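Spelled out from the first residue to the last, the chains are:
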Amino acid sequence: MPQLEAIAIDFQSETYKDAYSRINAIVIEGEQEAYDNYIKLGEMLPEQKENLAGLAKMEMRHKKGFQSCGRNLTVTPDMEFGREFFASLHQNFQDAATQGKVVTCLLIQSLIIECFAIAAYNIYIPVADDFARKITEGVVKDEYLHLNFGEEWLKANFETSKAELEDANRQNLPIIWRMLNQVTDDARVLGMEKEALVEDFMIAYGEALSNIGFSTRDIMRMSAYGLTA
Ligand code: Y39
Ligand code: FE
Ligand code: FE
Ligand code: FE
């Protein structure tokens, strides 16, 4: 059987480093926001405070790891781009937190953002430079734990969370598709195809909704929201 030809990626080309300056910034900003979000969730769920502080600590470690990936390639992350990239989700999380809507906060961080991270990191690993691959392999294991935290809490509180979850899904899932469209070109330069990202996200998100207690019919309806955004 003919072997798939490995496509050589020049990690030092200007094209690669330019795209990396934005993707690396997104990931660094995302990890920082994930840290902030788990600290905030700990205030909203006092009985889970220590558990959530542990997740926050992992996010800070992830941020440092990805900063070292940028330094290793002598890339300066475009943090302004990273902040703008997360602005809508950031705002929605803050608004929900202000209103004490813990279910919405969990959907945004522990389901949507974690599934986005899981998809992105799994697709990145095979095309990453050796240094970044080792870091990302360690990180993605933690992201499954973070997703699991959200799943478990929402599963235990499914009946009282269902309506708010549907609402939060409708408001936030289209934002993810817009974010994905914004990075499609840069992701491709790094060897990551949009179709693969969408597929992995859909699988992770659909499984999460199923584990929480949604029916297949609900999942189909919910995960199609804003796909054309
Ligand atoms: O929980 C986490 O650690 C998530 C914050 C990190 C988000 C990572 C977002 C990755 C999107 C990258 C898109 C590249 C195509
Ligand atoms: Fe913030
Ligand atoms: Fe993380
Ligand atoms: Fe995470």
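Remember, predicted model here, so these are calculated numbers, not experimental data.

Parameters and conventions
- Residues numbered from 1 in each chain as written.
- Chains lettered and ligands numbered in written order.
- Predicted model: local features only at pLDDT ≥ 70, side-chain atom pairs only at ≥ 80, totals over all residues.
- Heavy atoms only, no water.
- Helix = DSSP H or I, 4+ residues; strand = E, 2+ residues; numbered from the N terminus.
- Rg over C-alpha atoms; globule rule 2.2 N^0.38 Å.
- Contact = heavy atoms within 4.5 Å.
- Areas by Shrake-Rupley, 256 points an atom, 1.4 Å probe, with all protein chains shown as cover.
- Lys, Arg positive; Asp, Glu negative; His and termini not counted.
- Charge placed at Lys NZ, Arg CZ, Asp CG, Glu CD.
- Donors = N, O, S within 2.8 Å, 3.2 Å for Na, K, Ca; no water.
- Tetrahedral: all angles 85-135°; square planar, octahedral: opposite > 155°, others 65-115°.
- Buried < 20%, exposed > 50% of the residue type's maximum accessible area, 1.4 Å probe, protein only.
- Near = heavy atom within 4 Å.
- Polar contact = N/O pair within 3.5 Å; in protein donor to acceptor, adjacent residues only side chain to side chain.
- 1 Å grid on protein atoms, 1.4 Å probe; cavity = no way out; pocket = protein on both sides within 12 Å on 5 of 7 lines; lining within 4 Å.
- Sits in = over half its atoms within 2 Å of the grid points.
- Points joined across faces, edges and corners; volume = space filled by probe spheres on them.
- Nonpolar A, V, L, I, M, F, W, Y, C, P; charged D, E, K, R; others polar.
- Disulfide = S-S within 2.5 Å.

Draft legend 1. Geometry of the overall build of the chain. Scanning the chain from terminus to terminus reveals 8 helices and 0 strands. Listed N to C, the secondary structure of the chain is α-α-α-α-α-α-α-α in terms of helices and strands. Over its C-alpha trace the chain gives a radius of gyration of 17 Å, about what one expects of a compact globule, namely 17 Å for 229 residues. Dimensions of the chain, computed from C-alpha atoms along their principal axes, come out at roughly 50 × 40 × 30 Å. Once local pairs closer than 6 in sequence are excluded, the contacts in the chain between residues at least 24 apart make up 82%. Of the roughly 11300 Å² of accessible surface on the chain, 53% is carried by carbon and sulfur atoms. The positive charge centre, built from 22 side chains, and the negative charge centre, built from 36, are 3 Å apart in the chain.

Draft legend 2. Main features of the coordination of the iron ion (ligand 4). Distances from the iron ion (ligand 4) to its protein donors, Glu59 (OE), Glu114 (OE), Glu114 (OE), Glu143 (OE) and His146 (ND1), fall at 2.0 to 2.4 Å. Viewed at the metal, the 6 donor atoms of the iron ion (ligand 4) are separated by angles of 55 to 169°, and the geometry they form is irregular. All donors to the iron ion (ligand 4) come from one chain, and their sequence spacing reads E-x54-E-x28-E-x2-H. Between the iron ion (ligand 4) and the iron ion (ligand 3) the interatomic distance comes to 3.4 Å, and Glu59 is a ligand of both metals. With Glu114 in helix H4 (residues 102-124) and His146 in helix H5 (residues 130-156), this residue pair connects regions lying 32 residues apart in the sequence. Considered together, Glu114 and His146 belong to a single accessibility category, that of buried residues.

Draft legend 3. Broad picture of the site of ligand 1. Ligand 1 sits among 16 residues. The nearest are Gly30, Glu31, Glu59, Glu114 and Glu143. A distance of 3.3 Å separates an oxygen atom of ligand 1 from a polar side-chain atom of Gln109. Here an oxygen atom of ligand 1 sits 2.8 Å away from a polar atom, N or O, in the side chain of Glu114. Applying the majority rule of atoms within 2 Å of the grid points places ligand 1 in the largest cavity. Looking at the shell around ligand 1, the elements with two or more residues in it are helix H1 (14-44), H4 and helix H6 (158-189).

Draft legend 4. Representation of empty space enclosed by the protein in the model. What the rule picks out here adds up to 1 cavity of 30 Å³ or more. One number sums up the size of the largest cavity: a volume of about 400 Å³. Along the walls of the largest cavity sit 27 residues, with Ile23, Ile26, Val27, Ala120 and Tyr121 positioned nearest its centre. Mapped onto the lining of the largest cavity, the elements with two or more residues apiece are H1, helix H2 (49-72), helix H3 (79-98), H4 and H6. Grouping the amino acids of the lining of the largest cavity by side-chain chemistry returns 20 nonpolar, 3 polar and 4 charged.

Draft legend 5. Molecular detail of the layout of surface pockets. Each pocket or cavity is described by its volume, and for the largest pocket that value is around 170 Å³. Considering the residues around the largest pocket, the lining is formed by Ile118, Asn122, Tyr144, Leu147, Asn148, Glu151, Asp200, Ile203, Ala204, Glu207, Ala208 and Asn211. When residues in the lining of the largest pocket are grouped by element, the largest group, 6 residues, is from helix H7 (residues 194-212).

Draft legend 6. Quick peek at the state of the cysteines. This model, assessed by the stated rule, comprises 0 disulfides. The cysteine Cys115 is free of any disulfide, with Cys105 supplying the nearest cysteine sulfur at 17 Å. On the accessibility criterion, Cys115 (0% relative accessible area) is buried.

Draft legend 7. Inspection of the environment of Asn122 at higher detail. Inspection of the secondary structure assignment puts Asn122 in helix H4. C-alpha separation for the pair Asn122 and Val140, spaced 18 residues apart in sequence, amounts to 7.3 Å. Look past the residues within four positions of Asn122 in its chain and what remains in contact with it is Val140, Tyr144 and Asp200.

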